[in-house]
Amino acid sequence: MNPGPKPARTLALPKRADFAEAARENIEFFKGWLRKPRQTAAIVPSSRFLAREMVRGIDPEGGRVLELGGGTGAFTRAILSTGLPADQLEVAEINPMFAHALERQFPDVSILRHRAETISAHVAGEAGSYQRVVSGLPMLAFNQQTQRAILEDAFRLLMPGGVFVQFTYSALSPVSRPVLEQAGLEAVPAGRVLLNIPPATVFHFHRNEE
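Read on for an overview of the structure. These figures come from a predicted structure and were not determined experimentally.

Criteria and cut-off values
- Residues numbered from 1 in each chain as written.
- Predicted model: local features only at pLDDT ≥ 70, side-chain atom pairs only at ≥ 80, totals over all residues.
- Heavy atoms only, no water.
- Helix = DSSP H or I, 4+ residues; strand = E, 2+ residues; numbered from the N terminus.
- Buried < 20%, exposed > 50% of the residue type's maximum accessible area, 1.4 Å probe, protein only.
- Contact = heavy atoms within 4.5 Å.
- Salt bridge = Lys/Arg side-chain N within 4 Å of Asp/Glu carboxyl O.

## Looking at the environment of L68
Inference 1: Tracing the sequence through the fold places L68 in strand β1 (residues 64–68).
Inference 2: The buried category is assigned to L68, whose relative accessible area is 1%.
Inference 3: Apart from the residues within four sequence positions on either side, L68 is in contact with A92, A116, I119, V133, V134, S135, G136, L137, I150 and F164.

## Side note on the pattern of salt bridges
Inference 1: Counted by the stated rule, this structure contains six salt bridges.
Inference 2: Across the salt bridge formed by R148 and E152, the nearest N and O atoms sit 2.7 Å from each other. Taken together, the residues span about one helical turn, with R148 and E152 both in helix α6 (residues 144–157) at a distance of four residues.
Inference 3: The partly exposed category is assigned to R148, whose relative accessible area is 30%.
Inference 4: Across the pair D153 and R156 runs a salt bridge, and its minimum N-O distance is 2.8 Å. Of the two residues, D153 and R156 both sit in helix α6, three residues apart, roughly one turn of that helix.
Inference 5: The class of D153 is buried, set by a relative accessible area of 3%.
Inference 6: Judged by its relative accessible area of 49%, R156 falls in the partly exposed class.

## What to know about helix α4 (residues 74–81)
Inference 1: Restricting attention to buried positions, one finds in α4 the residues A74, F75, T76, A78 and I79.
Inference 2: As for α4, its buried residues are in contact with α3 (48–54), β1, β2 (89–92), α5 (96–105), β4 (130–135) and β5 (158–168).
Inference 3: Of the residues flanking the end of α4, it is G83, one or two places downstream, whose phi is positive at about 100°.

These figures capture arrangement, not role.
Structure follows, in structure tokens:
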């Protein structure tokens, strides 16, 4: 007696469109790195696994979100996938190539071509109305004065209990203890993403009194 045919195994293979999108992002990111290596720091865009961890906890009805350093849009796409309305998201990006690509990809999202240190002067929302600031900035590439300026300006926008989300390729906070103490903040590791090149750690920054 011949055994019946075995059920076929199905594999969830990436779609051809996914490969094309990833290739396009990698090419754009590398071009951006070549033009502005100190601004970009990495030479490949963040993975969808890191993007998913970066946007965890965003409430689509919880208030505005600001993204710093939009790059090729990996975090922007993940933020919108939470259900947050596009008019509640603003993305700061000073690299002209990346900014133009973001405007093309996300026509309903406001793309701000201004530096993170003074971004609160250019956003649409009021101070204290933002639930999250999601940062793709290369914080370790900045000096302590710039780091502090970025954090203090971001926390002008964040509501009580609001969170500044930052990733780094180290297990340690990318912002030193003296800078955190001067700004009245604490950094808490929120997740380790091994499926990223290189592996990354996500930190949540909070006000000390929280």
